[in-house]
Amino acid sequence: MDFDYTEEQLLLKDSVDKFLQKTYSFDARNAIIATRAGYSPDIWKGFAALGLLGLPVPPARDGFGGGGVETMLVMESFGRHLVVEPYLGTVVMAAGLIATVGTDDQQQYLLPLIMNGSMRLACGFLEPGGRYDLAHIETTARQEANGFWVLNGSKSVVIHGAVADLLVVSARTSGKAGDADGISLFFVNPGEPGVAGLEYPTYDGMRAAEVTLKNVQINSESLIGIAGRGLPVVELVADRAIAALCAEAVGCMTALKDATLDYLKTRQQFGVPIGRFQVLQHRMVDLLMHCEQARSMAMLAAMKVDSPDAVERRRAVSAAKELIGRSGRFVAQQAIQLHGGMGMTNELNVSHYVKRVTAIDTLFGDADHHLDRFTAAAQALPLPSFEKPRSKWKQI
Amino acid sequence: MNLDYTEAELAFRDEVRGFVRANLPQEISRKVIEHKRLGKDDFVVWQKLLHQRGWIAPGWPVADGGTGWNPVERHIFEEECAAAGAPPIMAFGVYMVGPVLIAFGNEQQQQRYLPRILSSDDWWCQGYSEPGSGSDLASLKTRAVRKGDHYIVNGQKTWTTLAQYADMMFCLVRTASEGKKQEGISFLLIDMHSPGVTVRPIITLDGEHEVNEVWLENVEVPVENLVGEEGRGWTYAKFLLSHERTNIAGVSRSKRELAYLKHIAAQEKAGGRPLIDNTRFSDKIARVEIELMALAITNLRVLAADRQGKPPGPEASILKIKGTEIQQAITELMMEAVGPVALAHLPDSWGDHWLGERVGPEYAGPLAARYFNYRKVTIYGGSNEIQRNIIAQGILGL
Ligand SMILES: Cc1cc2nc3c(=O)[nH]c(=O)nc-3n(C[C@H](O)[C@H](O)[C@H](O)COP(=O)(O)OP(=O)(O)OC[C@H]3O[C@@H](n4cnc5c(N)ncnc54)[C@H](O)[C@@H]3O)c2cc1C
């Protein structure tokens, strides 16, 4: 057991921190959000140069070969700088997915394009009316005699869906919405006839899309993994995304904590810095404790997300998302409260961290959703056994 | 970064587990797990067994009787002992006065007291709090006046835990009233069998006798019982408070209690189904469990920082606050779990070998009392509000 980072991990963290410090100021970020695309091609090239786009890709495929801990380090830094680039979908989810279950051809063709920065991907795992349920899939995929698949249905809140060069979608090859079996994964080229979308901004400075698929024809090589057995893969990819988002949330929460503490020391009222007031001191301590507990959970999720034991992975990831959902809410609300009117402004970065933390709770399942999932995972484990109470004597 | 134990750590765990399994009397572990009343002997028997094995004081320097374990090994030891239902080691001797004597006591004091702390031949109690001095401890008034080669001590200590068993008390007394109030405090060792010492029970809301008032009336304490220098007692007391932090969070014990809570909730029925399947209740269990998972990691992070030689700091206060909140939440849920039978107050049935009447299942008996008793954990050892003050100053610089 140890809590130390390797030399390589420290180097990775350092290079990401330095790059973002140089390129991703709050103003620079706002400028990126104001562009049509909503992300920065230059930054993306920078990520490619740093090797970040191949983070989950094994060294045998010229990637970094990172796991949960490496992703955590990168994402925490992204959180601190409020990075809006399509990294989660392209790298953490899609590249990880391809490296895990892609065919040799898929890996050989796609991974280099992702790593050199010329291809971005987005994942559509949720559908209208399905809330956070990854098994609630009504989109259908039917295989024609010529081997082609025909997809029909719609995907909801596909983050960065409109800037993606390639989509990954889940669809049903059998069964009905809610069934665990019968889900398959496909690559869909957004340029195919029948693919339409509505792009919209999200309140946290990102972009998302509602995607509809109408008789979209894709070739047989577009199937990812085994037909009908996609759900465990979707769940694994979602868990990786969650672990990454937990780290990103910790980055945001830490920034909020630092900003708030700074404000308590500098803002004067009643002739003293407001940090002199005990009620605010204690609130600030609670804020700190929420940050520390959240950090611990992001670490736990990072360490367990690669576990071959799916129950252990699910338990840790859902526990982390639940705790961070709640603690993120607390930290965000108190950061605004302790900044007073300034906390309400769009001008100060505080509100932008608040919005991102709030958004993270709604991505891949909120605190309540993961409390359910955590309990379900716990029920898969045997109950603790204690010696049975001895027989009860009754004295009359 | 890795949570898995190494081969060596696994071997160590097996060694500890083997020892605990072979030596911890089942009668004692059952009382601990089932929240039965523990007597002095229950603590002493287990502590003597640990002493014979050389494991009673893991945190002490090896030369003084410590084990030389690293923080991970100490953590493993805690986990194994707690999981098996071993009684906690009484803190006053091993964790509190022992380290102070090692750091600040003279050789004579060390030779006289340390071996008897290790062997549990002396039972120690802590005489800090007074009726007028709780959180503001430095305002304490118990006076020690030097007269020849004795101090004459007069005053009243209160909340003194298990003083009814104690042979010795380490005590903060005022030896000077001018200057800063902290600078007039000295650290004295008082023989509880001395004339002028009176121990009076305070019955707490659970009906139990755990704390006492200790009256000191013209008690003669030999000057050789002064630890370190006169007027430096406050420094030693602060050292003591920051010293022991491996176990301050109580994570290992809370894990066992949480498992027991699930065990109870699986047997209780609500609407004909196991309570543990009732969403409203299982949500509460799950939330505590998640908080505890996080605290376990936070605790290990603090230990890891320890290993890198960083000095103990106010992070210990985070562990104390979170740890006690979780302990209280678990006792509360256990009481809730058994429903109305929690009302039955039959203290005699909390002893061992009770063959008389019970109401409800055996595990239900002590749960309400335990819930009430555990309100103490956020008050003593520096209340959680005081801990927040410490964090605000020590970590946040407010
Ligand atoms: C079961 C039990 C066992 C104990 N065992 C021992 C023992 O063995 N030896 C011993 O010496 N003592 C012992 N104590 C005493 C314990 O250390 C004190 O109770 C504790 O320090 C609080 O002091 P008090 O009870 O006087 O409360 P007070 O100090 O009067 O506090 C009352 C309330 O005010 C709050 N408060 C006080 N000051 C501040 C502040 N500056 N800012 C914000 N809030 C504040 C407190 O947090 C608390 O909520 C024990 C107490 C209990 C309950």
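Residues numbered from 1 in each chain as written. Chains lettered and ligands numbered in written order. Predicted model: local features only at pLDDT ≥ 70, side-chain atom pairs only at ≥ 80, totals over all residues. Heavy atoms only, no water.

A. Spatial organisation of the overall build of chain B. If you tally the helices and strands in chain B, you get 12 helices and 10 strands. Here the C-alpha atoms of chain B give a radius of gyration of 22 Å, agreeing with the 21 Å that 2.2 N^0.38 yields for 398 residues. Each of the 398 residues in chain B was classed as buried or not, and the buried ones make up 56%. In chain B, 72% of the contacts between residues at least 6 apart in sequence involve partners at least 24 apart. Of the accessible surface of chain B, which amounts to about 16,900 Å², a share of 52% is contributed by carbon and sulfur atoms. Treating the 44 positive side-chain charges of chain B as one cloud and the 50 negative ones as another, the clouds have centres 4 Å apart. (Helix = DSSP H or I, 4+ residues; strand = E, 2+ residues; numbered from the N terminus. Rg over C-alpha atoms; globule rule 2.2 N^0.38 Å. Buried < 20%, exposed > 50% of the residue type's maximum accessible area, 1.4 Å probe, protein only. Contact = heavy atoms within 4.5 Å. Areas by Shrake-Rupley, 256 points an atom, 1.4 Å probe, with all protein chains shown as cover. Lys, Arg positive; Asp, Glu negative; His and termini not counted. Charge placed at Lys NZ, Arg CZ, Asp CG, Glu CD.)

B. Highlighting the overall build of chain A. On a plain count of helices and strands, chain A comes out with 11 helices and 10 strands. For chain A, the C-alpha radius of gyration of 23 Å lies close to 21 Å, the compact-globule estimate for 396 residues. Across its three principal directions, the C-alpha atoms of chain A cover 80 × 80 × 40 Å. Counting the 396 residues in chain A, one finds 56% classified as buried. Sequence-distant contacts, at least 24 apart, represent 73% of the contacts inside chain A between residues at least 6 apart. In the form shown here, chain A has an accessible surface area of approximately 16,700 Å², with 54% of it arising from carbon and sulfur atoms. When the 38 positive and 43 negative side-chain charges of chain A are each reduced to one mean point, those points stand 6 Å apart.

C. Here's a closer look at unusual backbone geometry. All names here are of chain A. In this structure, His160 is a non-glycine residue whose phi angle is positive, near 60 degrees. Among the structural elements, His160 can be located in the loop between strand 3 (149-159) and strand 4 (166-172). Positive phi values are uncommon outside glycine, yet Phe270 reaches one of about 55 degrees. Mapped onto the elements of the fold, Phe270 is located in the loop between strand 9 (268-269) and strand 10 (272-273).

D. Seen up close, the site of the ligand. Neighbouring the ligand are 18 residues, the closest being A:Gln278, B:Ser135, B:Thr161, B:Ser383 and B:Glu385. Bordering the ligand are residues originating from chains A and B. Taking B:Tyr128, its main chain carries an N or O atom lying 3.0 Å from an oxygen atom of the ligand. One nitrogen or oxygen atom from the main chain of B:Trp159 is found 2.8 Å from a nitrogen atom belonging to the ligand. For the ligand, the accessible surface in isolation is 960 Å², of which the surrounding protein chains cover 67%. (Near = heavy atom within 4 Å. Polar contact = N/O pair within 3.5 Å; in protein donor to acceptor, adjacent residues only side chain to side chain.)

E. Local environment of the packing of aromatic side chains. All names here are of chain B. Per the counting criterion, the structure on display carries 23 aromatic pairs over all chains. Consider the rings of Trp124 and Phe170, whose centres lie 6.4 Å apart with planes at 40 degrees: the pair is tilted. With Trp124 in strand 1 (residues 124-127) and Phe170 in strand 4 (residues 168-174), this pair connects stretches of sequence that are 46 residues apart. What makes Trp124 buried here is its relative accessible area of 3%. Exposure remark for Phe170: the relative accessible area of 0% places this residue in the buried category. (Phe/Tyr/Trp six-rings, centres within 6.5 Å; stacked < 30°, edge-to-face > 60°.)

F. Just empty space enclosed by the protein, in detail. Residue and element names in this part refer to chain B. With the rule as written, the count across this model stands at 10 cavities of 30 Å³ or more. The volume enclosed by the largest cavity comes to roughly 110 Å³. In terms of lining, the largest cavity is formed by Gln47, Met90, Phe92, Gly93, Val94, Ile117, Ser120, Asp122, Trp123 and Trp124. At three residues, the largest contribution of residues to the lining of the largest cavity is made by helix 5 (residues 91-104). (1 Å grid on protein atoms, 1.4 Å probe; cavity = no way out; pocket = protein on both sides within 12 Å on 5 of 7 lines; lining within 4 Å. Points joined across faces, edges and corners; volume = space filled by probe spheres on them.)

G. View of the nonpolar core. If you look at the biggest cluster of nonpolar residues, it comprises 196 residues, and the most contacted ones within it are A:Phe47, A:Tyr87 and B:Phe187. Considering every element that reaches this core, the biggest residue donor is helix 7 (residues 231-266) of chain A, with 21 residues. Beyond its immediate chain neighbours, meaning those up to four positions away, A:Phe47 contacts A:Phe19, A:Leu20, A:Leu52, A:Leu53, A:Phe78, A:Val83, A:Glu85 and A:Tyr87. With 33 residues, the next largest nonpolar core counts A:Phe386, B:Val251, B:Leu319 and B:Ala342 among its residues. (Core = buried A, V, L, I, M, F, W, Y, C linked by side-chain atoms within 4.5 Å.)

H. Spotlight on the domain arrangement of chain A. Residues and elements named next belong to chain A. Parsing chain A into structural domains produces domain 1 (7-120), domain 2 (122-227) and domain 3 (232-378). When each unit is reduced to the centre of its C-alpha atoms, the spacing between domain 1 and domain 2 is 23 Å. Across the contact, 22 residues belong to domain 1 and 19 residues belong to domain 2. Summed over the three residues of domain 1 that lose the most area to domain 2, namely Leu97, Gln106 and Arg120, the buried surface amounts to 31% of that side. Along the contact surface separating domain 1 from domain 2 lie one salt bridge. The residue Asp165 makes a salt bridge to Arg120 at a minimum N-O spacing of 3.8 Å. Where domain 1 meets domain 2, there are nine residue pairs in polar contact (both at pLDDT 80 or more). When contributions to the side of domain 1 that touches domain 2 are tallied by element, the ones reaching two or more residues are helix 2 (26-34), helix 5 (87-101) and helix 6 (104-115). (Domains from an automatic or database assignment. Buried area = accessible area lost by both parts, 1.4 Å probe. Salt bridge = Lys/Arg side-chain N within 4 Å of Asp/Glu carboxyl O.)

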